[in-house]
Amino acid sequence: MQESQANLYDYPKYYDLVYGSDWKAEFDFLREVFARHAKREVRRVFEPACGTGRLLDKLAAASFEVSGNDLNARAVAFCNARLARRGFAPTVKVGDMADFRLPRRVDAAFNMINSFRHLTSQRQARQHLQCVADALARGGVYVLGLHLTPLVGEPTKRESWSARRGNLAVVSHLWSEDVDLTKRRETFGMAMDVYTPRRQFRLTDRLEFRTYTARQMAALFAQLEKMEVAATYDFSYDVNCPIKVAPETEDVVYVLRKV
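Reading the values: the criteria
Residues numbered from 1 in each chain as written. Predicted model: local features only at pLDDT ≥ 70, side-chain atom pairs only at ≥ 80, totals over all residues. Heavy atoms only, no water. Buried < 20%, exposed > 50% of the residue type's maximum accessible area, 1.4 Å probe, protein only. Helix = DSSP H or I, 4+ residues; strand = E, 2+ residues; numbered from the N terminus. Pairing = 2+ DSSP bridges. Right-handed = clockwise from strand over helix to strand, strands pointing away. Core = buried A, V, L, I, M, F, W, Y, C linked by side-chain atoms within 4.5 Å. Contact = heavy atoms within 4.5 Å.

Caption draft 1: Here's a closer look at the pairing of strand β2 (residues 44-48). Among the five residues that make up β2, five are buried, leaving the element largely enclosed by the rest of the structure. Burial along β2 is two-sided: Arg44, Phe46 and Pro48 facing one way and Val45 and Glu47 facing the other are all buried. Both β2 and strand β3 (residues 65-70) contribute to a ladder of five bridges, which runs parallel. Directly across from Glu47, in β3, lies its bridge partner Gly68. Handedness of the β2-helix α3 (residues 56-61)-β3 crossover: right-handed.

Put into structure tokens, the structure is as follows:
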């Protein structure tokens, strides 16, 4: 199989196929969280670092007013084109999740799987959370999902996903290459194996994420003046089964609420 180095976010068609195929559980979970934990009606929603917007078009179809931002212009174009095909305004912009201001406050925001960890410094993380707090109306919620570094037991080192649409199939692989808990950096290798009727090829990339233990995440949230942790869940996305975040916790979804 031919292999080449690439920025995988520059291939939104392939990326969206494999990571957007399992959208229903997250979509249902978000709507349930909005209903249960927001202290206002949720109509306007925003996704920082939205990528291809795999959930935005579904929310728009459910009568939410959606918007988002992302640093990757190709992903933004892909997302806006999909919104436009379904008759919705192309409301996603190229922008930094740690430096943005919305023209109008929203009722909810969400960032479901690890994009937050692309912010590799404490300053960027605080700036991001402050931007979200400023963007939310009072009583609104921010649903933030990520993998923590567990201090008990062995963390997950490798994950794989696959999806098919018509004659196109994509298999994605993600593996941890190096972890430095002192510098709070984790390096991942990532690959997408792409299969079409005429070609088979592999795109590979390397990602750097910031590490967070349960205690480090709690300390970060404690610095926020306008946000409180309303609930915590895991990646089973069951709103009836909240979890208590502990040293062994790895998958977590925080529901932050603006007070």
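Let's pick the thread back up.
Caption draft 2: Structural detail: the environment of Thr156. Its place among the elements puts Thr156 in the loop between β6 (136-147) and β7 (158-165). Spatially, the C-alpha atom of Thr156 lies 8.8 Å from that of Trp175, the residues being 19 residues apart in sequence.

Caption draft 3: The arrangement of the nonpolar core in detail. Judged by nonpolar contacts, the single largest core of 31 residues is most densely connected at Phe34, Val45, Phe110 and Val143. Take this core: its biggest share by element is five residues, from helix α2 (residues 24-37). Those residues within four positions of Phe34 in sequence are excluded, and the remaining contacts are Val42, Val45, Phe64, Ala108, Val141 and Val143. Of all hydrophobic cores here, the second largest spans 30 residues; its members include Leu119, Leu148, Tyr212 and Val252.

Taken by themselves, the reported measurements are silent on function.
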